[in-house]
Every structure is written in C-alpha cells, then in structure tokens.
Amino acid sequence: MNLDPIKIRQDFPILQQKIYNKPLIYFDSAASSQRPLQVQEKIRQIDQEYYGNIHRAVHYMADKATADYETTREKVRSLINAGTTAEIIFTKGTTESVNLVAWSFGEAFISAGDEIIVSEMEHHSNIVPWQLMAGRKGAKIVMLPFNNKGELELDKLPGLISEKTKLIAVAHVSNVLGTVNPVAEIAAIAHARGVKLFVDGAQAIQHLPVDVQALGADFYAFSAHKMYGPNGVGVLYGRKELLEQMPPYQGGGEMISEVRFSGTTFNELPYKFEAGTPNITGVIGLGAAIDYLLEAGIENISVHEQALLKYATEKLMQIPGMKIYGESKNKSGVISFNVEGIHSFDLGTMLDKMGIAVRTGHHCADPVMQHFGIPGTVRMSFGIYNTREEIDAFLPALKKVISLF
Ligand code: 7TS
C-alpha cells in the first residue's frame, strides 16, 4: 500500500493555509512536525471529557486517564519492540532523556578517569549532558569523527575504545546530515568490549522502523513533537537490568514506595524515573500519534520520504553553486545545503517570504558546522505530508531567491 499524501494532508489543516499570500510549504519537520486532526481530537477529548491526575484517584476520570496513559506506554513498547513496559519512561523529550541517563548512569557507573565516546555529528542535546556529567565525575569525552560524506568513521571506533570506556552516545539519524548510522554494528563493537550504547532516536523514530532489541541499544531516546505528537513529552527506553541499578533522577511523588524521615524506598520501574505529575495529556496525545504512524505504515512513510529525498537531491544538484552536506548512501529525508556566496540566513529569510518554511543556522550541531568550516546551512526536512509538487514549487522559488543576490 502506498501513502496517499492528498488524503494525509486532509488531516493537517494547518498546512492548507497561505503565508504572505503564498501556499505554505512546510519543510521543517525535523525541528517539529505538525499534528494531525486525530491527535488534536484525542487531546480535545481528554480536556473536555476525562481529564484527571493519574495513578492516584479513585474516580472515573482519573481512572480513564490512567488507563490511557498506561496504554500509551504499551504502544511505545510495541513500537520499538522493548521487552517490557518497565523499560519505557516518559520524559519531557529527547533532551531530558539524555540528561536523565547522563546523570543517573553517571552516578551508578562513572568514576574519575572513565571515558564516554560521543560522535562528531551529535545534536547539542547529545553532547552537553555528557560533558556536564564528565565535569562532575572527572571523566573524559572522546570524539568519534565522521568523514566528508557525513558517515561515521567506524574503522576508528575500536581504537577509541579503552578499558576506561563506559558508554558510546550516537544519533540513529543525524539532524543535519540525514545520515542513518549503523547502530547495530556500533552496538556489536561496543558490547564486545563491555561498553554500553546510548542512541538518540529523535530523527529516526518518525522515519524508519525501530527495534531496540535488534539494534542492540541499551538506551534509546525520542520526542513526541517530531513524530506528529504533542510537544513537551518524550520517551526514554532503557534496558531494565541497567535502569534497576541506576538511582532516581528526580525525587517527588509517584517515584517512591515509602517515605519516612529516616529514609525513602523507591517505586519499581518505570515509576522510579517519573517523579511528579507527568505530561498526562501529552503522553496520551503521543499514543494517538503512534496510532497515526502505524495506520499510515512506517515502511510506507519511509518509501514516500525516500522518493522525495531522491527527487529533491537530484534537482538541487543541478543548481550552480549548490553544495549539499551529507552524502551518505543511507540517508533520511533531510537535505542541508548552501549556495555559494549567499548566507544561509538570507536564503531562509527570503524563502519564508515566499511561504516556504526551512531551518537555517547551525541546527544545534556546532561540531558539524566546524567540521565543514561553515557558520550554518539551509535545511529542508520532509515529513509524511510533503509532496513532489511542493518540491516542484520550491525549486523555482529557490532559484528566484538566488537570482536576487
Ligand atoms: N537530538 C536530535 C538528533 C535532534 O534533532 C534534536 C532536536 C534533539 C536531540 C533535541 O530534541 P528535543 O525534542 O529534546 O528538543 N532537533 C532539532 C532540529 O534539528 N531543529 O530543531 C530541533
């Protein structure tokens, strides 16, 4: 079954508007995707029919909210093929998931002199929390580089691992280069040396099938707002055996078993890591977003976006002065580029005036910019609702902007 973008687009009224009197072309789903009516309807239902706090009340609405919240945990488990719902922790998003692991794994397993390997293509969210932890613990960050095509230099990885290495942190898909990293291969190298693997799946979960067990990820993180769900909610998957050994990240309600002034015992997984009232509406909205993804079919989404990527790349390469960053064979629907002599910000600003939403700048991945010696790029990123016709409209707009400089 093929994806029908015409039908899909009916679920996204926000895309049917004009911006500056031009039909909106939304090529910024890597920053945040739009939400379909089905997700909006679920949130409306909660707000109008059964909002209540979860896990604590005896009344109907709170019970129903609790059931939906926990059903979503099962939906996430099934989506990523985790072994048990005890391994699914709801967070604010990818960034909080990384911070949780960096802090708590750090407390449990990192001593002075230990090393963490972080790839050169990471989003700041998968660099800075490790640096903070390393600073606290007296550990060291070691960089795994990528080549000029935007592929990790995996042949260098075994040499970077020492007896002090405790963890490797890597993106499943790069938000700038689009590279789909060979996570299973990295996991095999890591595990053969007793090293754990943290995978940032923020740019993967909405584009390709993810099986955390097949990938060999010890931890896997993603955000709902990049997968057609609400903002302010995300997921951390962690292997139970590791999570059990890690201390709670925050203290408060729901994460305790018993509290005495002489000492507190903690709740079982996953509640040990969910202190306080969580984003109830957001989590249930994420459940609706997962239903939406599964209904469309993740394989179908992948095929659709790959076709857009190929088509747009071929057309862009015909433009004089065009430089595309990220030429991996295995790439997701993200194209970062610059046009010779024009600043990315100027290009983005002019495109906006033509109704086209792209992102410009360093994309919170400064080391990638430093690798290429550039201040930024223009990035177009595709989602389930983008079409070949939008690319056909984008190209003359881009050419027009270029001609103005
Ligand atoms: N990791 C990757 C690979 C990302 O692309 C992003 C956000 C994050 C982590 C952080 O996610 P958050 O939901 O916690 O904010 N990336 C982008 C982007 O590319 N443009 O805007 C945000």
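Use the structure listed above.
Residues numbered from 1 in each chain as written. Predicted model: local features only at pLDDT ≥ 70, side-chain atom pairs only at ≥ 80, totals over all residues. Heavy atoms only, no water.

### Section: the overall build of the protein
Argument step 1. Counting secondary structure elements, the protein contains 14 helices and 17 strands.
Argument step 2. Overall, the C-alpha framework of the protein stretches about 70 × 55 × 35 Å when taken along its three principal axes.
Argument step 3. The proportion of buried residues among the 405 residues of the protein is 56%.
Argument step 4. In the protein, of all internal contacts separated by at least 6 residues, the share reaching a separation of at least 24 is 71%.
Argument step 5. Carbon and sulfur atoms form 52% of the exposed surface of the protein, whose accessible area is close to 16700 Å².
Argument step 6. Charged side chains of the protein number 38 positive and 44 negative; the gap between the two group centres comes to 3 Å. (Helix = DSSP H or I, 4+ residues; strand = E, 2+ residues; numbered from the N terminus. Buried < 20%, exposed > 50% of the residue type's maximum accessible area, 1.4 Å probe, protein only. Contact = heavy atoms within 4.5 Å. Areas by Shrake-Rupley, 256 points an atom, 1.4 Å probe, with all protein chains shown as cover. Lys, Arg positive; Asp, Glu negative; His and termini not counted. Charge placed at Lys NZ, Arg CZ, Asp CG, Glu CD.)

### Details of the sheet that holds strand 10 (residues 234-238)
Argument step 1. Ordered in space as 4-10-9-8-7-5-6, the seven strands form an open sheet in which the pairing is mixed. Edge positions in the sheet fall to strand 4 (88-91) and strand 6 (140-144), since each of these pairs with one other strand and no more. Direction aside, the axes of adjacent strands within the sheet are offset by 20° on average.
Argument step 2. As paired elements, strand 7 (residues 165-171) and strand 8 (residues 196-200) share five bridges and run parallel to each other. Paired with A169 across the strands is F198, a residue of strand 8.
Argument step 3. The sheet strands contacting helix 7 (residues 183-192) are strand 7 and strand 8, and the helix crosses strand 8 at an angle near 155°. (Pairing = 2+ DSSP bridges. Axes fitted to C-alpha atoms, helices over the stretch in contact; angles between N-to-C directions.)

### Thoughts on the site of the ligand
Argument step 1. Contacts to the ligand come from 15 residues, most closely from T95, D200, S223, R359 and R379.
Argument step 2. D200 is positioned with one of its side-chain polar atoms (N or O) 2.5 Å from a nitrogen atom of the ligand.
Argument step 3. Here a nitrogen atom of the ligand sits 2.9 Å away from a polar atom, N or O, in the side chain of K226.
Argument step 4. In isolation the ligand has 490 Å² of accessible area, and contact with the protein removes 86% of it. (Near = heavy atom within 4 Å. Polar contact = N/O pair within 3.5 Å; in protein donor to acceptor, adjacent residues only side chain to side chain.)

### Considering the packing of helix 3 (residues 60-80) against helix 10 (residues 280-296)
Argument step 1. Their axes nearest at 9 Å, the elements helix 3 and helix 10 cross at an angle of 45°. With respect to helix 10, the element helix 3 is oriented oblique. In terms of crossing hand, the pair formed by helix 3 and helix 10 is left-handed. Residue-level inspection shows A65, D68, Y69, T72, K75, V76 and L79 of helix 3 in contact with helix 10, the latter providing I280, V283, I284, L286, G287, I290, D291 and L294.
Argument step 2. Tallied by class, residues from the contact of helix 3 with helix 10 come to ten nonpolar, two polar and three charged. (Parallel < 35°, antiparallel > 145°, perpendicular 65-115°, else oblique. Left-handed = near helix turned anticlockwise from the far one by under 90°. Nonpolar A, V, L, I, M, F, W, Y, C, P; charged D, E, K, R; others polar.)

### Notes on the environment of H225
Argument step 1. Along the chain, H225 turns up in the loop between strand 9 (219-223) and strand 10.
Argument step 2. Judged by its relative accessible area of 18%, H225 is buried.
Argument step 3. Separated by 61 residues in sequence, H225 and L286 have C-alpha atoms that sit 8.4 Å apart.
Argument step 4. Those residues in contact with H225 that sit more than four places away from it in its chain are A31, S32, S33, P230, N231 and V233.
Argument step 5. Side-chain polar atoms of H225 contact the side chain of S32, separated by 2.7 Å.

### Section: helix 12 (residues 344-353)
Argument step 1. Regarding helix 12, the residues found buried are S344, L347, G348 and L351. One side of helix 12 holds all its buried residues, which, seen down the axis, span an arc of 95°.
Argument step 2. The inward-facing, buried residues of helix 12 contact strand 14 (334-339), strand 15 (356-357), strand 16 (359-361), strand 17 (377-381) and helix 14 (388-404).
Argument step 3. One or two steps after helix 12, the chain reaches G355, where phi turns positive at roughly 85°. (Arc of directions from axis to C-beta.)

### A word on the environment of I319
Argument step 1. Relative to the elements of secondary structure, I319 occurs in the loop between helix 11 (298-316) and strand 13 (322-325).
Argument step 2. Judged by its relative accessible area of 6%, I319 falls in the buried class.
Argument step 3. Between the C-alpha atoms of I319 and A296, which are 23 residues apart in sequence, the distance is 34 Å.

### Description of the environment of G326
Argument step 1. Structurally, G326 is set in the loop between strand 13 and strand 14.
Argument step 2. For G326, a relative accessible area of 2% translates into the label buried.
Argument step 3. Sequence-wise, G326 and T71 are 255 residues apart; in three dimensions their C-alpha atoms are separated by 38 Å.

### Side note on the packing of helix 12 against helix 14
Argument step 1. As a packed pair, helix 12 and helix 14 sit with axes 10 Å apart at the nearest point and diverge in direction by 125°. Taken together, the axes of helix 12 and helix 14 are oblique relative to one another. Helix 12 and helix 14 meet at a crossing whose hand is right-handed. Between helix 12, through L347, M350 and L351, and helix 14, the contact on the second element is made entirely by F394, A397, L398, V401, I402 and L404.

### Points about the packing of aromatic side chains
Argument step 1. Counted according to the given criterion, the structure contains 16 aromatic pairs.
Argument step 2. Relative to Y385, the ring of F12 has its centre 4.8 Å away and its plane inclined at 75°; by these criteria the two rings are edge-to-face. Of this pair, F12 sits in the loop between helix 1 (5-10) and strand 1 (18-19) while Y385 is found in the loop between strand 17 and helix 14, placing the two residues 373 residues apart along the sequence.
Argument step 3. Ring geometry for F105 and F109: centres 4.8 Å apart, planes at 45°, overall tilted. With a gap of four residues between them, F105 and F109 both fall in helix 4 (residues 94-109), about one helical turn apart. (Phe/Tyr/Trp six-rings, centres within 6.5 Å; stacked < 30°, edge-to-face > 60°.)

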